[in-house]
Amino acid sequence: MSEVGGRRIIAFEEHFLDPAAAGSAGFDARSPGFAEAFHPSRGLPYAPAPETLRDLGEGRLADMDAHGISVQVLSGLHAQNLPIDVAAGLTRGTNDLAAAAVARHPERFAAFAVLPTADPAAAVAELTRCVEELGFVGALVHGRTGGEFLSASRFSPILERLAALRVPLYLHPAPPPLATSASNYDGFDPVVTARLQTAAWGWHAETAVHFLNLYLAGVFDRHPALQVILGHWGELLPFYMERIDEALPPRATGLERTFVDVMRRNVFVTPSGMWTQANLDYCVAMLGIERILFAVDYPFLPNDGAAPFIESARLTGIEKDLVAHGNAERLLARGAHRRA
Ligand code: GRE
Ligand code: ZN
């Protein structure tokens, strides 16, 4: 393995497409114009070639080698849109693809389970299978299921199982409801509208509100050790930590935990390929260096910026090691006793 920066890098939001599940994922139905606005032929960011997205073998590894990515934590795409009658079977197939890649290259790949949340009992079973039998290191969920956040009571068995298995939940961006898109993001050129309601802003505002719903529903009072990973430097939330506690103190919410406390003890953030030093500085100031993980969001973003970002960051060598791999190793060790 080439050592571009000489430092081990573990990347947490690294995707692949399972062709068998892609047709049922319904992305365009939740994000009108998505397929066109993100088509590779447009030459805009976040539009990898389909074969790059599918590859779990030599091409992916060669790119990791060329750019110093030691380990990718793999995840499939957008299982939350899957119809209930096919969700369990399709997510099982997607997770088996990730498991096969990990089995072929255990030093280079780990995996997050995608879950058939449309069928919460099946999601609990699939999470348990993935962690206990396949050695997965957590789960990644793409936003709402059937319009509902994970704070809805029907999903509480999933959160309970994540906490019991001591594995993290990566809460990944996903489209807002169509009514939100229509009221907030419509009326521009179709490509601008489709990208505004997704990768530019809509996905991130949606993920922030999703996490706030988990907090306000008391999920972290009930599961004080549950760990949630937020991409894109915390999906806007680090900027509002103290504002949220001022507006929603425990005497208003009835919660035991403040929002600042939850952000500092239950949340990890990743860059998701946003190589912005000021964002890193701010997250370190608000959350602490131990709460920063690393992610590229490959292949939606290229691996090439990763090692240069870490190496040029205004951090000590010890802090760079924590961000690149040390925090990851400590987090993943929490659930390791469950793994086969
Ligand atoms: C992602 O999962 O991060 C993603 C998509 C589709 C387009 C861009 C992107 O699923 O970053
Ligand atoms: Zn992603």
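Visitor: Sorry, what's going on with the overall build of the protein here?
Guide: A tally of helices and strands in the protein yields 19 helices and seven strands. Seen along its three principal axes, the alpha-carbon backbone of the protein occupies a region of about 55 × 45 × 45 Å. The long-range share in the protein, meaning contacts at least 24 apart out of those at least 6 apart in sequence, stands at 79%. A total of about 13,400 Å² of accessible surface is found on the protein, and carbon and sulfur atoms cover 57% of it.

Visitor: Please clarify how the sheet that holds strand E6 (residues 228-230) should be interpreted in this entry.
Guide: The strands making up a sheet are joined through hydrogen bonds of the backbone, oriented either antiparallel or parallel. Strand order across the open sheet formed by seven strands is E1-E2-E3-E4-E5-E6-E7, with parallel pairing between neighbours. Only two strands of the sheet have a single partner each, and these edge strands are strand E1 (10-15) and strand E7 (267-269). Sheet twist, expressed as the average angle between the axes of neighbouring strands with direction ignored, equals 30 degrees.

Visitor: Is there a simple way to explain the packing of aromatic side chains in this structure?
Guide: The geometry of two aromatic rings is summed up by the distance between their centres and the angle between their planes. This structure, assessed with the given rule, holds twelve aromatic pairs. Between Phe-34 and Phe-38, the aromatic rings sit 4.2 Å apart at their centres with planes inclined by 20 degrees, giving stacked as the arrangement. Accessibility classification places Phe-34 together with Phe-38 in one group, the buried group. Geometrically, the ring pair formed by Phe-38 and Trp-203 is stacked, given 6.1 Å between the ring centres and 25 degrees between the ring planes. On the criterion of sequence distance, the pair formed by Phe-38 in the loop between helix H3 (34-37) and helix H4 (50-54) and Trp-203 in helix H11 (residues 202-216) is long-range, its members being 165 residues apart.

Visitor: Would you explain the coordination of the zinc ion (ligand 2) in this entry?
Guide: Six octahedrally arranged donors around a metal ideally form angles of 90 or 180 degrees; four tetrahedrally arranged donors ideally form angles of 109.5 degrees. Ligation of the zinc ion (ligand 2) by protein atoms is provided by Glu-13 (OE), His-15 (NE2), His-172 (NE2) and Asp-297 (OD), these donors lying 1.9 to 2.3 Å from the ion. The sequence pattern formed by the donor residues of the zinc ion (ligand 2) is E-x1-H-x156-H-x124-D.

Calculation rules
- Residues numbered from 1 in each chain as written.
- Chains lettered and ligands numbered in written order.
- Predicted model: local features only at pLDDT ≥ 70, side-chain atom pairs only at ≥ 80, totals over all residues.
- Heavy atoms only, no water.
- Helix = DSSP H or I, 4+ residues; strand = E, 2+ residues; numbered from the N terminus.
- Contact = heavy atoms within 4.5 Å.
- Areas by Shrake-Rupley, 256 points an atom, 1.4 Å probe, with all protein chains shown as cover.
- Pairing = 2+ DSSP bridges.
- Axes fitted to C-alpha atoms, helices over the stretch in contact; angles between N-to-C directions.
- Phe/Tyr/Trp six-rings, centres within 6.5 Å; stacked < 30°, edge-to-face > 60°.
- Buried < 20%, exposed > 50% of the residue type's maximum accessible area, 1.4 Å probe, protein only.
- Donors = N, O, S within 2.8 Å, 3.2 Å for Na, K, Ca; no water.

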